[in-house]
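Observations on chain architecture
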Amino acid sequence: MIMATVSFPLRGFHHRPSDFCFPQSLNPRRPVPVQLKPLQRHSFICNSWFGAKPTEPSTADINSATTTVTVDAAVTPDSTVFVIRARNKIGLLQVITRVFKLLGLHIDKATVEFEGDFFIKKFYITDSHGQKIEDQENLDRITKALLEAIDSGGGWGTQTSVGPSTRGIVVRRAGLRSKPKAERMFTLMDRFLSNDPVSLQKDILDHVEYTVARSRFSFDDFEAYQALAHSVRDRLIERWHDTQQYFKRKDPKRLYFLSLEFLMGRSLSNSVINLGIRDQCADALSQLGFEYEVLAEQEGDAALGNGGLARLSACQMDSLATLDYPAWGYGLRYQYGLFRQVILDGFQHEQPDYWLNFGNPWEIERVHVSYPVKFYGTVEEETLNGKILKVWVPGETVEAVAYDNPIPGYGTRNTINLRLWAAKPDGQYDMESYNTGDYINAVVNRQRAETISSVLYPDDRSYQGKELRLKQHYFFVSASLQDIIRRFKDGHKNFEDLPEKVALQLNDTHPSLAVVEVMRVLVDEEHLGWDQAWNIVCKIFSFTTHTVLPEALEKIPVDLLGSLLPRHLQIIYDINFNFMEELKKRIGLDFSRLSQMSIVDEGAVKSIRMANLSIVCSHTVNGVSRMHLELLKTRVFKNFYELWPHKFQYKTNGVTQRRWIVVSNPSLCGLISKWLGTEAWISDMDLLIGLREFAADVDLHQEWKMVKKVNKMRLAEYIEAMSGVKVSLDAMFDVQIKRIHEYKRQLLNILSIIHRYDCIKNMEKTQRRKVVPRVCIIGGKAAPGYEVAKKIIKLCHAVAEKINNDAEVGDLLKLHKSYENPWKMHIDAMKIFVPDYNVSVAELVIPGADLSQHISTAGHEASGTGSMKFLMNGCLLLATADGSTVEIIEEIRAENMFLFGAKVHEVPALREESTDRKAPLQFSRVVRMIRGGYFGFKDYFKSLCDSVEGDGDFYLLGSDFASYLEAQGAADKAFVDQEKWTQMSILSTAGSGRFSSDRTIEDYAETTWGIEPCKCPSE
């Protein structure tokens, strides 16, 4: 053991009595009374559950991992020596020194000894009169105060290696090996980075010069953003380290959230809000000649997902951090993300999204954290101790390299981690190719490996596309589980403890191979028996599905799976065999049900049903709204629900108010805090209900309308910059932004706009003055292979072009203003298709929207988090009773919304009678206009028209059209009465508290994951 001692002068510390919590018997405002009495040496061992416990010192105490405080009065006649042994952490000296100062004691001298990871600090203490302290009762109280302060003082130690399971892991041990190094470390690292404007300016300029490598006297907005981002990241890393070390020390049960998508949006704004340094950053930049808002716009969106599922994952990570839950997120670091949408002549074109071209200052590349991921090959048998084992001999290996992204919580020091994996070629095979001169093969191997994490959701219409997607799924699962199991083995040797320390959440079926991979690791590598391994697996997995139609459930062809992952196919067959045998005992030889519930689909293309696999192996199956659960029970997984009703639950999705109000709508955030008299609602959304008592208040109405006007101005400026179109702020901003899909019914919206145009054309001038102006905003991407969705986008632009060039309407509109020139707004509306819609655009559009449309065919939306974001921002909803909308109706009441369309239970009957049902005349007319070539591209749009008429109208556009027009009319009428509209808007925000992701996560933690908060102390 290497030991050394260093003596050093103690620096002065500023302290506040509120910084620490001491026993009530100790008064920090007065000195401790002293009585002379003989004193024996005692040691106190810190126990976080039961407080301080006196015990005789021993060698075991010295070598233990606990904090100890020893009192020794025999060392010097002039002072009492307190010997403190603990793992080092930032701020530890401050913690100890403050305790002595708060108790009115003086530190005459201090020394530090160290042995490995531990520091032994000796403090020579006298009372306020300079006398030695010898009263046993007072000594006990001082010791207890020290232990409690140190024990609550946060992150300890560093990680250590764990043997063979850390292949590819390099862990560097902390340790001060010399006296000068100890002095420097204490001097430099015994405090956190300061957040005042001057300190931030210094850090920003340092990063300009040393990270961005630009002169601090000449740098532009983007370089300033880079420097600011690194400065903020430095502060995140401090909290991240403390949080992870605290989790390691406390060893709570951890959640591992497995999701193939995380649509995080911009990190800067969210980070400075959650860290509480937004104003300080703005002040620091202002004094340097930069504007915070301008720099924030320099950041691009991280292209790590598509649509609601990805944004939901991001919201849940924010809530996990804010609520102090010990959690990790795992995903893939896509090089190009989904795709960049470009509109040319009204047609969607896809281009790579080069979001990493200029680097990502928020990620931390962990080059020393990598794992091998195997593909192809054969399965061989080996005998070990008389037991036959399966050994997978791979035909290809790639490396998974970790990239960490700190996720800060709001109002807490807790900062959790999102670890993303990037695929790299296996170094061994790469070097062999170079050594033999086969450079081309080395390059090809690199390209083949890196393709795995290049693009989100590769087109799977070909065999190669299906193979790449399966490779992607397994690569993500294998790397994540190797990391999780390695972390578990750091502190535990018995896999029976795994369910007590690990909860694995499957976010839809993409990570479902994790179930099979854990079985493979436990059986093949850890040599557990099958039954023992299966019992563990069934206790650690929970599964959330976002599917509403049985035919949409994911399947993997057996031939493909057997070729790419031969051992996993064997394990799936074994799982299915055991499940089928058990099922026969429960339901008998009902071959129809057995066939439907089997993990293996024996259809035309033999496939593995990934949802069935997830249900069989998970202890809980979650829907994402109450209506969704009913669909799972009665339609999607009816047989499984009848078998295991106790497994099925629902957790209505939510969104984070930090992103969707505090960051994206700061004006509304300030207004809510003013009228509620507190900012506590940012962490407790139930407080928003307090706005209801002010819903009719005239003063609030004025301020509420002003906030909306400011947000509409921001959106109008964006629209003008994007399209050159100027829009009136007096018009209703009518928004539908979401992924383009038939069931989401953007086509219904377009048809209604054609109907309005047709009505305007046939109106008298006096009638036109009564039409409410609208700016209709549509945005969203169509999947590259989804031709119908692409035709909907083209129709949107074709209709806009026709209306914009209508000379008759144009002439009439020139004569009118505001409400008297309504169709100018309609003309502009169809021109306003928001290309390449993403989170940052949503942060502009959502606060500025007056009306938002959520018009999916009832029974097709599992939840729908988009409506929740609009609801929080006081936007009124025009919607069908689908997904979470049913629960929104309960919170804000139907009279504060515009509802239409068939209910879920009515949809099947309407589809049955579609052949005999006659569509409304208005609907038939607008479809004929398209079919007849009124908007051009007659042949191109023919199939689109066929899909909404007669038997083809699967999504019931014709059936719901009349009801939809009535709801649109009701919205027009309400908008004219601005006081009524404003009151409905306030009540919408007031009723949105239930739809915070904080509530969703608390529900998951309590009823599914079995995890508890583990709050990292503030110092």
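Read on for a plain summary of the structure. Since we're looking at a predicted model, the values are computed, not measured.

**Structural notes on the sheet that holds strand β19 (residues 555–557)**
Read from one edge to the other, the open sheet built from three strands follows the order β19-β21-β20, with strand pairing classed as antiparallel. Edge strands, defined here as strands with exactly one partner in the open sheet, are β19 and β20 (600–601). Direction of pairing for β19 relative to strand β21 (residues 607–609): antiparallel, over a ladder of three bridges. Among the inter-strand pairings, I556 is bridged to a residue of β21, identified as I608. Relative to the sheet, helix α20 (residues 610–617) contacts β19 and β21, its axis offset from that of β21 by approximately 45°.

**What to know about the nonpolar core**
Grouped together as the largest cluster of nonpolar side chains are 118 residues, with contacts concentrated most on F375, F475 and L504. Looking at this core, the element that brings in the most residues is helix α13 (residues 463–491), giving 10 residues. With residues up to four places along the chain from it excluded, the contact list for L504 reads Y256, L258, L481, I484, V518, I540, F541 and S542. Counting 59 residues, the second largest nonpolar core, distinct from the first, contains L691, A695, V725 and F995.

**Topic: the sheet that holds strand β18 (residues 541–544)**
Across the sheet, which stays open at both edges, the nine strands sit in the order β12-β15-β16-β9-β8-β17-β18-β22-β23 with mixed pairing between neighbours. Edge positions in the sheet fall to β12 (364–375) and β23 (648–650), since each has one partner strand and no second. With strand direction ignored, the average angle separating the axes of adjacent strands in the sheet is 25°.

**A word on the side chain of K647**
Structurally, K647 can be placed in the loop between α22 (638–643) and β23. Buried and without a salt bridge, K647 has E582 as its closest oppositely charged side chain, separated by 12 Å. Within the local environment of K647, its side chain forms a polar contact with the backbone oxygen of V616, the two atoms lying 3.4 Å apart. Here S618 takes part through its backbone oxygen, which lies 2.8 Å from a polar atom of the side chain of K647.

**A short note on a negative patch on the surface**
On the surface, D684, D686, E1002 and E1006 cluster together to form a negatively charged patch. Mapped onto the elements, D686 comes out in the loop between α24 (666–676) and α25 (698–723). Under the relative-accessibility criterion, D686 is labelled exposed at 53%.

**Section: the side chain of E396**
Here E396 is to be found in strand β15 (residues 396–408). Relative accessible area serves as the criterion here: at 15%, E396 is assigned to the buried category. A polar atom in the side chain of E396 sits 2.9 Å from the side chain of K471. Look past the residues within four positions of E396 in its chain and what remains in contact with it is V373, K374, F375, Y376, R448 and K471.

**Describing the pairing of strand β10 (residues 340–344)**
Across five bridges, β10 lies against strand β11 (residues 347–351) in antiparallel orientation. Bridge pairing in β11 links V342 to H349. As consecutive antiparallel partners, β10 and β11 are separated by two residues, and within that stretch D345 has a phi angle of approximately 55°, a positive value.

**What about unusual backbone geometry?**
Positive phi outside glycine occurs at D251, with the angle close to 55°. By the secondary structure assignment, D251 is in the loop between α6 (221–250) and β8 (254–258). Non-glycine residue L956 carries a positive phi angle of around 60°. Along the chain, the position of L956 falls in the loop between α36 (938–946) and α37 (957–976).

**A look at the packing of aromatic side chains**
Going through the model one piece at a time under the given rule, you end up with 30 aromatic pairs. Centre to centre, the rings of F100 and F123 are 5.6 Å apart; their planes meet at 50°, and the pair counts as tilted. Remark: F123 occurs in strand β7 (residues 118–126) and F100 occurs in helix α2 (residues 92–102); sequence separation between them is 23 residues. An aromatic cluster of three or more residues is present, and its members are Y256, W328, Y330, Y371 and W421. Its guanidinium or amino end placed over the ring of Y124, K109 lies 4.5 Å from that ring's centre, counting from NZ or CZ.

**What to know about the environment of H741**
Take H741: it is sitting in the loop between β24 (732–737) and α26 (746–761). The residues contacting H741, other than those within four sequence positions of it, are Q746, Y786 and Y955.

So, how was this worked out
Residues numbered from 1 in each chain as written. Predicted model: local features only at pLDDT ≥ 70, side-chain atom pairs only at ≥ 80, totals over all residues. Heavy atoms only, no water. Pairing = 2+ DSSP bridges. Helix = DSSP H or I, 4+ residues; strand = E, 2+ residues; numbered from the N terminus. Contact = heavy atoms within 4.5 Å. Axes fitted to C-alpha atoms, helices over the stretch in contact; angles between N-to-C directions. Core = buried A, V, L, I, M, F, W, Y, C linked by side-chain atoms within 4.5 Å. Buried < 20%, exposed > 50% of the residue type's maximum accessible area, 1.4 Å probe, protein only. Lys, Arg positive; Asp, Glu negative; His and termini not counted. Salt bridge = Lys/Arg side-chain N within 4 Å of Asp/Glu carboxyl O. Polar contact = N/O pair within 3.5 Å; in protein donor to acceptor, adjacent residues only side chain to side chain. Patch = residues over 30% accessible without salt bridge, like charges linked within 9 Å, V, L, I, M, F, W, Y side chains within 5 Å. Areas by Shrake-Rupley, 256 points an atom, 1.4 Å probe, with all protein chains shown as cover. Charge placed at Lys NZ, Arg CZ, Asp CG, Glu CD. Phe/Tyr/Trp six-rings, centres within 6.5 Å; stacked < 30°, edge-to-face > 60°. Lys NZ or Arg CZ within 6 Å of the ring centre and 35° of its normal.

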